[in-house]
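Read off the chains here:
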Amino acid sequence: MAEQESWEFGKADFVLLDQVTMEDFLDNLKLRFEKGRIYTYIGEVVVSVNPYKAMELYGKEAIEHYRGREQYERPPHLYAVADAAYKAMKRRAKDTCIVISGESGAGKTEASKYIMQYIAAITNPTQRAEVERVKDVLLKSNCVLEAFGNAKTNRNDNSSRFGKYMDIDFDFKGDPTGGHIHNYLLEKSRILKQQPGERNFHAFYQLLLGAPEALLDSLHLSNDPTAYRFTQEGASNNCLGSDQADFRAVSDAMAIIGFTPEETGSVYKILAAILHLGNVRFATNGEEMEVENAELVSLLADLTSTDSEHLSNSLLYRTVAAGGAEVIQKGHSINEANYARDACAKAIYERLFCWIVARINAVIEVKGYDARIHGKNTVIGVLDIYGFEIFDNNSFEQFCINYCNEKLQQLFIELILQQEQEEYQREGIQWQHIDYFDNRIIVELVEEPHKGVVAILDEACLTAGSVTDALFLASMDARLGKHPHYASRKVNPTDKSLEFGRDFRIKHYAGDVTYSAEGFLDKNKDTLFQDFKRLMYNSADPVLQQMWPEGKQSIHEVTKRPLTAASLFKNSIVALVENLASKEPFYIRCIKPNDQKSPNIFDEERCRHQVAYLGLLENVRVRRAGFAYRQPYDRFLLRYKMTCEYTWPHHLMATDREATQVLIEQHGFQEDVAYGHTKLFIRTPRTLFSLEQERAQLIPIIVLLLQKAWRGALARRRCRTLRAVYTIMAYFKRHKVKAYLRELVHRFQDVRQAADYGKGVEWPEPPAVLTSFQESSKRIFRRWRARQIVRNIPPSDMEQIKAKVAALDVLQGLRKDWGCARNWCRNYLALENENPAMAAQFTKRVATLQDKTRFRSVLFSCHVRKINRCNKGSDRALLLTEQHLYKMDPKKQYKVMRSIPLSMVTGLSVTSGLDQLVVFHTQNHDGLVVCLHKMQPANDNRIGELVGVLVEYSRRAHRPLGVQVSDCIPASLGGRKRLISVEPRDGQQTLPDFAKSRDGFVLHFPQRL
């Protein structure tokens, strides 16, 4: 029972009506509609009235309001049914389905979308990426299928022109893992012609009115629907105004689903080809047929990626195998060519729609699912199928649609009314029989083998010779004339509303429908010449090729006659009903309040008719007299035995029925239940909810008790295991440590006598506990080995070694080559091979300076290239002693041009390349920029030597000296800040030289090979 609503809104559950009459039912329905309460219960069935306006009944807050609640705890809503179906599936691991039925325009499609949104919102609380992807695809598939399968009709601006049944697969946790969509009987005749005031499928108008100009130009289309025969009838009815936004939404949805850009482009090309195909006209030229607007043939060939000549032949001729290997090409008449063109257009669109459905299924199908690994897989099915239709002109499509609704009504009768009453009788429950109309007789009128309308129609289609629709009608009159639900003018001559030789009438459960037999045979045969199938199969477009697999058959190949359209539809509906019958059903019965699509009109007669044929009054009567819940005794005890001390954990009664009775009496529910032979019947959901609440309170206690016992057992077992493990580990660790130490002693026992002092000895892999011990041992060994090596170095080489170590320390690997591998001579200008012409003069000048300043030795000397006061390069010599840095002029017998005390030098900078640039930084911000050159050999690298010698001396003198490695060196020259950079030069330049740059100087250094 529904609660939480004031009585001013009427009865939220029709079961609560004081009297179950049509007037009371309609009065309550009207009151709730006028008060904005569009949903009402009949027990667990929801009756939904289309409000024809947006209502604030949906969204995140509403979803949370209904999430996990029992139906009667909240006001009636679609969310309550969706939640009940989900809980039934999750609790009992049973497949469920939600059947949405009602007339066209009653709101079935919108209801199915809200149900999908609710299921998507309450699942996947852990936000698993794959589950989110499946949910997005399931939701976005609605947008795509509506574009290609829905159209504006006089009754509904978004009428489904196809039937859809979607299975949503769930894993054992209740999260969606995939799904599958079944589509039924697309109304492809709408491609050719629409009722006055209606439109073709949305996809055509979205493409013409919403696509960008560039896309339309590539498809040779204009944004005028009146320019195309298939859309010009509906062009004046284009009152939706959202085609442009819908086009973008559909394109985005296709991308999210997984359509590739190439596939989406192919879909647009196929839509454009159908529009152009409708404009093809034929004319006679003498005895020959030709395409009047021949330019469309090449355009169509381009859009379909086929050969234009083959396409033209398929439009004008029909190829027939005449026996043996002979093939005859038979020309069409104008009528035959028009029929073939229209049949091709219908077939292309139908196959495009089926391909889109198959493409979506390929994305959302459950992949790699194994019940042994992932647990039991369960399903919720959602059925959104066309409603009962009565038009001014009802043809083959309306006949099939209404037959489908008859089958669904029969299922509803069997599951809700008939089976319920039969179960009460079988279980021995006292029951007042309720009369209801069983529409089985109407279903058999349509589908009975050899006698039904479908069988007669198929027989007429298979009969050789010229069989017309009138002969088909005459055959029905002869066989079905005495059937109480069949009528025609010949059967009832006094009924002048039926046209003789054309009309017949079937008395459906929803009302009498007059059908025109014209076109029944052609639509049932659904003829399409093999030429078109071969043409499309040989297309270079892979999408078109996939749509026509039978096109690969040879013209001489004999194939089995395909089933007719009516038989295919009948078989699919029979399979659908069997599938639904195997699941636990939940029903949403949609009602259309008026034909004006007004939110303020409640047409009582219109609603009375729908209430009557939907059998809602009978549903109320059965519900009032029946029981809301039934369960076998053993399963009932299995779920609720913990709520009674006499049944937990096991009862001692003779039978499960006695134990169930004790449990019910302990809770005081004996007045609300009945005991059957094998099942317990509970009248109201309140009793079940009370049991569920008590069970929910006890489950944590039971779980804690079980966890306590199990955790204690696990802890004791783990304790025993850990004791054994730790004992074994202790012995094993001692063994590993001893083995490691023995191996270490064995490997290093002779290193003192080795030439490299054990450098090549590989250390054994230590146990984890000795990792730090081995690192410490390695450090000790390296220091011992270094000490051994240093002890063997001659005293004369120690100064060079210390300088190299100092250079290595300050350069930190930032310079590629710094001359570590060669012998450092330091005073190069005193060497004959370095300075053969002036070595004596340099030695003499050094001796003079030594007498004057009393320095002990020369730290470094070399020829350099420097920047002079005029910002030009000049050759100088560099002399570094323990006291001063001298800049000398070689051309003036090494006259001292500048002397800088070493105490004034604060640092030096070098680059990371092969150049010999060095910048000395001083305290008075008048640095020295030089480049070593004229060395022997010419490519000698002395920067490391200069840096190492100067740094080592500064450390001995306890003066910090900073060394910087940078490819762009800042320097202060004469108090002005400059930037010094290096550019390698190829070609004839052999010596380095300085040049001015925008922000300083650049050293052009000859590039070495």
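Each remark here, short or long, concerns the structure printed above.
This structure is a prediction, so every number in the text was calculated from the model and none was measured.

Draft legend 1. Structural view of the overall build of the protein chain. Along its length, the protein chain carries 31 helices and 31 strands. The globule rule puts the C-alpha radius of gyration for 1009 residues at 30 Å, and the 48 Å found for the protein chain is more than 25% above it. Over its C-alpha atoms, taken along the principal directions, the protein chain stretches across nearly 150 × 100 × 65 Å. By the burial criterion, 51% of the 1009 residues in the protein chain qualify as buried. Within the protein chain, counting contacts between residues at least 6 apart in sequence, those at least 24 apart form 64% of the total. Looking at the protein chain as shown, the accessible area adds up to about 48900 Å², and 51% of this sits on carbon and sulfur atoms. Between the mean site of the 136 positive side-chain charges and the mean site of the 125 negative ones, the protein chain shows a separation of 15 Å.

Draft legend 2. A look at the environment of Glu-604. Tracing the backbone through its elements, the reader meets Glu-604 in helix H23 (residues 604-613). You can call Glu-604 partly exposed: its relative accessible area is 30%. With residues near it in sequence (within four places) discarded, Glu-604 still touches Leu-26 and Lys-30.

Draft legend 3. Quick peek at the sheet that holds strand E31 (residues 1000-1006). Taking strand neighbours across the sheet as the criterion, the four strands line up as E28-E29-E31-E30 in an open arrangement whose pairing is mixed. A single partner strand is all that each edge strand has here, and the edge strands are strand E28 (968-973) and strand E30 (993-997). Taking the axes of each pair of neighbouring strands and ignoring which way they run, one obtains an average angle of 35° across the sheet. With seven bridges joining them, strand E29 (residues 976-985) and E31 adopt parallel strand pairing. Residue pairing in the sheet places Leu-979 in a bridge with Gly-1000 of E31.

Draft legend 4. Highlighting the pattern of salt bridges. Taken as a whole, this structure holds 44 salt bridges when the rule is applied. Between Lys-407 and Glu-447 there is a salt bridge, with its nearest N and O atoms 3.4 Å apart. Of the two residues, Lys-407 sits in helix H15 (residues 396-427) while Glu-447 sits in helix H16 (residues 440-447), which places them 40 residues apart along the sequence. Pair check on accessibility: Lys-407 and Glu-447 agree, each one buried. The partner of Glu-945 in a salt bridge is Arg-822, and the shortest N-O contact between them spans 2.8 Å. Of this pair, Glu-945 sits in helix H31 (residues 943-956) while Arg-822 is found in the loop between helix H29 (795-811) and helix H30 (839-853), placing the two residues 123 residues apart along the sequence. Comparing Glu-945 with Arg-822 shows no difference in burial state: the two are buried. Each of Arg-822, Glu-834, Asp-940, Arg-942 and Glu-945 takes part in salt bridges that share partners, so that together they form one network.

Draft legend 5. Representation of unusual backbone geometry. A cis amide bond links Trp-648 to the next residue, Pro-649, at an omega of -5°. Position of Pro-649 among the secondary structure elements: in the loop between helix H25 (633-640) and helix H26 (656-667). Backbone torsion omega between Gln-936 and Pro-937 reads 0°, so that peptide bond is classified as cis. Tracing the sequence through the fold places Pro-937 in the loop between strand E26 (928-932) and H31. Backbone geometry at Lys-597 places phi at a positive 55°, although glycine is not the residue there. When you line up the elements, Lys-597 lands in the loop between strand E16 (584-591) and H23. Backbone geometry places Gln-812, a non-glycine residue, at a positive phi of 55°. With respect to the helices and strands, the residue Gln-812 is situated in the loop between H29 and H30.

Draft legend 6. Region of the structure containing the nonpolar core. In this structure, Phe-148 and Tyr-349 are the most contacted members of the largest nonpolar core, which totals 111 residues. The greatest single-element share of this core, amounting to 16 residues, is contributed by helix H13 (residues 334-364). If we ignore the near neighbours within four places in the chain, the residues touching Phe-148 are Leu-186, Phe-201, Ala-203, Val-250, Val-267, Leu-271, Tyr-349, Leu-352, Phe-353 and Ile-356.

Draft legend 7. Geometry of the side chain of Ser-972. Looking at the secondary structure, you find Ser-972 in strand E28. For Ser-972, a relative accessible area of 18% translates into the label buried. Leaving out residues up to four positions away in the same chain, Ser-972 has contacts with His-925, Asp-926, Gly-927 and Lys-977.

Draft legend 8. Structural detail: the packing of H29 against H31. At a closest axis distance of 7 Å, the pairing of H29 and H31 adopts a crossing angle of 100°. Relative to H31, the element H29 lies roughly perpendicular. Contact residues: Glu-799, Lys-802, Ala-803, Ala-806, Ala-807, Asp-809 and Val-810 in H29; Gly-944, Val-947, Gly-948, Val-949, Val-951, Glu-952, Arg-955 and Arg-956 in H31. The residue inventory of the contact of H29 with H31, partitioned by class, reads seven nonpolar, two polar and six charged.

Draft legend 9. Region of interest: the sheet that holds strand E23 (residues 895-901). Taken in spatial order, the eight strands of this open sheet run E23-E22-E21-E20-E26-E25-E24-E27, and their pairing is mixed. Two strands close off the open sheet at either side, each with one partner strand: E23 and strand E27 (962-965). The sheet shows a mean angle of 30° between the axes of neighbouring strands, taken without regard to direction. Sheet topology places strand E20 (residues 858-867) next to E26; three bridges connect them, and they run antiparallel. In the strand pairing of E26, Lys-866 is matched with Val-930. This element, H30, spans E20, strand E21 (873-881), strand E22 (884-889) and E23 of the sheet and lies at about 140° to E22.

Draft legend 10. Fine view of H23. For H23, the full list of buried residues reads Arg-606, Cys-607, Gln-610, Val-611 and Tyr-613. Where H23 begins, the capping side chain belongs to Asp-603, and its oxygen is found 3.2 Å from the backbone nitrogen of Glu-605. Immediately downstream of H23, the backbone of Gly-615 shows phi near 70°, a positive value.

Draft legend 11. Main features of the packing of aromatic side chains. Scanning the entire structure with this criterion turns up 30 aromatic pairs. The interplanar angle of 65° and the centroid separation of 5.9 Å between the aromatic rings of Phe-259 and Trp-355 together place this pair among those described as edge-to-face. A residue pair is termed long-range when its members are at least 10 positions apart, and Phe-259 in the loop between helix H9 (243-257) and helix H10 (261-278) and Trp-355 in helix H13 qualify at 96 residues. Among the aromatic residues, those joined into a cluster by ring pairs are Phe-396, Phe-399, Phe-472, Tyr-486, Phe-504, Tyr-515 and Phe-520. Positioned above the aromatic ring of Phe-9, the side-chain terminus of Arg-37 is 3.7 Å from the ring centre. Positioned over the ring face of Phe-259 is Arg-359, at 5.5 Å from the centre of the ring.

So, how was this worked out
- Position numbers for residues start from 1 in each chain and track the written sequence from start to end.
- Owing to the predicted nature of the model, reporting of local features is limited to residues with pLDDT of at least 70; listing and counting of side-chain atom pairs is limited to 80 or more, with chain, interface and lining totals taken over all residues.
- Side-chain numbers here rest on the full set of heavy atoms in the structure, without hydrogens or water.
- Helix and strand definitions follow DSSP, with helices as H or I runs of at least four residues and strands as E runs of at least two, each counted in order from the N terminus.
- Computation of the radius of gyration draws on C-alpha atoms, with the globule rule given as 2.2 Å multiplied by the number of residues to the power 0.38.
- With a 1.4 Å probe rolled over the protein chains alone, any residue whose accessible area is under 20% of its type maximum counts as buried; one over 50% counts as exposed, and the rest are partly exposed.
- Any pair of residues with heavy atoms lying within 4.5 Å of one another is described as a contacting pair.
- Each accessible area value is a Shrake-Rupley result obtained with a 1.4 Å probe; residue values ignore everything except the protein chains displayed when judging cover.
- The charged-residue count follows a simple rule in which Lys and Arg add positive charge and Asp and Glu add negative charge, with His and chain termini not counted at all.
- All charge positions are set by atom: Lys at NZ, Arg at CZ, Asp at CG, Glu at CD.
- At least two bridges found by DSSP between two strands are what make those strands a pair.
- In this analysis, axes come from line fits to C-alpha atoms, helices being fitted only over the stretch in contact, and the angle between any two N-to-C directions falls in the range 0 to 180 degrees.
- Throughout this description, the term salt bridge denotes a Lys or Arg side-chain nitrogen within 4 Å of a carboxyl oxygen of Asp or Glu.
- Here the nonpolar core consists of buried residues drawn from Ala, Val, Leu, Ile, Met, Phe, Trp, Tyr and Cys, with membership extended through side-chain atoms lying within 4.5 Å.
- When an angle is under 35 degrees it counts as roughly parallel; over 145 it counts as roughly antiparallel; between 65 and 115 it counts as roughly perpendicular; any other value is oblique.
- Think of it as three bins: nonpolar holds Ala, Val, Leu, Ile, Met, Phe, Trp, Tyr, Cys and Pro, charged holds Asp, Glu, Lys and Arg, and polar takes everything else, Gly as well.
- Each polar contact in these results corresponds to two N or O atoms within 3.5 Å; when the atoms are within protein, one needs to be able to donate a hydrogen and the other to accept it, and residues that are neighboring in sequence are counted only if both atoms are side-chain atoms.
- Stacked, tilted and edge-to-face are the three classes applied to pairs of Phe, Tyr and Trp rings, where Trp contributes its six-membered ring and a pair requires centres within 6.5 Å; stacked means planes under 30 degrees apart, edge-to-face means over 60, and tilted covers the rest.
- In this scheme, the term charge over a ring applies when either NZ of a lysine or CZ of an arginine sits within 6 Å of the ring centre and within 35 degrees of the ring normal.

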